Amino acid sequence: MQRVQFPSLNATLRTVLLSISLASGQAIAQTLPLAPDLIAFNSSTGAELLLESEAKQDYWNLSIQFVTQINQAYCGVASMVMVLNSMGITAPEVPQYAPYHVFTQENFFDNPALRRVLAPEVVARQGMTLDQLGQLLNSHPVNVQVYHGGDVTLAEFRRLIAENLDQQGNFVIVNYLRSTIGQERGGHISPIAAYSAQSDRFLILDVARYKYPPVWVTAEDLWQATATVDTSVGKTRGFVLVNPRTGSN
Ligand code: CA
């Protein structure tokens, strides 16, 4: 009787997995190195933190909708596109995908109500503030709560965000100063996908995917990074909670 050649199959699998590993390693090498206090999501520790997290409901939908910001000032737009698509909010039709509808960073400002809040040309030049992020979200059928980092304690920050991450159908977007968490360098916006109580860390799905991988950052560091002043408006950064609007789609 001929024996099945498991060893050669295993060797083939190993070769394939090694190739995938090396290919991804080359891609990741293009991102900037991480500060020691941050844990890369694509590390064994980073993966374990997600598996053990009890507040990761938002990760699943956000991971399906995860996009790279299309220019270096569109972090807020990319974050909103991810959240609105994750919530199933009625989106514009996309000609190349017709008859399908989806929010993209290109069609986000097709809605005149949004352009009345903020012109896309302005966003492309200088990004947006936390309050503008809230106003743009408010132009959709969602309920938005804006929290400035300087107005909440660490305990409130942790509780409000972790509670949301444990619930399906609502989402968190954070506006923080990168340099406070050891990254380069200015203000940034991205969705938060999970909370690890064991390590007291949040997982940020960083939309500047060409620059950094998703990272696990301590609650205290992220809170401090949101309590920094956005000098364009003289207010602290912060976060928004986005919930379905009662009676809407
Ligand atoms: Ca949630």
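Quick note: structure is the one above.
Residues numbered from 1 in each chain as written. Predicted model: local features only at pLDDT ≥ 70, side-chain atom pairs only at ≥ 80, totals over all residues. Heavy atoms only, no water.

Student: Any chance you could explain the sheet that holds strand β1 (residues 39-40) here in plain terms?
Tutor: Backbone-to-backbone hydrogen bonds pair the strands of a sheet. The strands run either parallel or antiparallel. Taken together, seven strands build an open sheet; the order of strands is β1-β6-β5-β4-β3-β9-β2 and the sheet is antiparallel. Of all the strands in the sheet, the pair left with one neighbour each is β1 and β2 (142-148). Along the sheet, helix α3 (residues 57-65) contacts β3 (171-177), β4 (187-196) and β5 (201-204); its crossing angle with β4, the most-contacted strand, is approximately 130°. The strands that helix α8 (residues 154-165) touches are β2, β3, β4, β5 and β9 (238-244); relative to β4, the one it contacts most, it runs at about 70°. (Pairing = 2+ DSSP bridges. Helix = DSSP H or I, 4+ residues; strand = E, 2+ residues; numbered from the N terminus. Contact = heavy atoms within 4.5 Å. Axes fitted to C-alpha atoms, helices over the stretch in contact; angles between N-to-C directions.)

Student: I would appreciate a short explanation of the pairing of β5 in the present structure.
Tutor: Where a strand is regular, its side chains alternate between the two sheet faces. Neither face of β5 is left uncovered, since the one carrying Arg201 and Leu203 and the one carrying Phe202 and Ile204 both have all their residues buried. Hairpin geometry of β4 and β5 is characterised by an intervening segment of four residues between the two adjacent antiparallel strands and by a positive phi of about 55° at Asp200. When β5 meets strand β6 (residues 215-218), the two strands line up antiparallel, connected through four bridges. Across the sheet, residue Ile204 finds its bridge partner in β6, namely Val215. (Buried < 20%, exposed > 50% of the residue type's maximum accessible area, 1.4 Å probe, protein only.)

Student: What is the right way to read the pairing of β3 from this model?
Tutor: Within β3, seven of the seven residues are buried, which leaves it mostly tucked inside the rest of the structure. Bridge count between β3 and β9: five bridges; the pairing is antiparallel. Across the sheet, the residue bridging to Asn175 is Gly238, located in β9. Two elements, β3 and β4, share six bridges in a ladder whose sense is antiparallel. In the strand pairing of β4, Ile173 is matched with Pro191.

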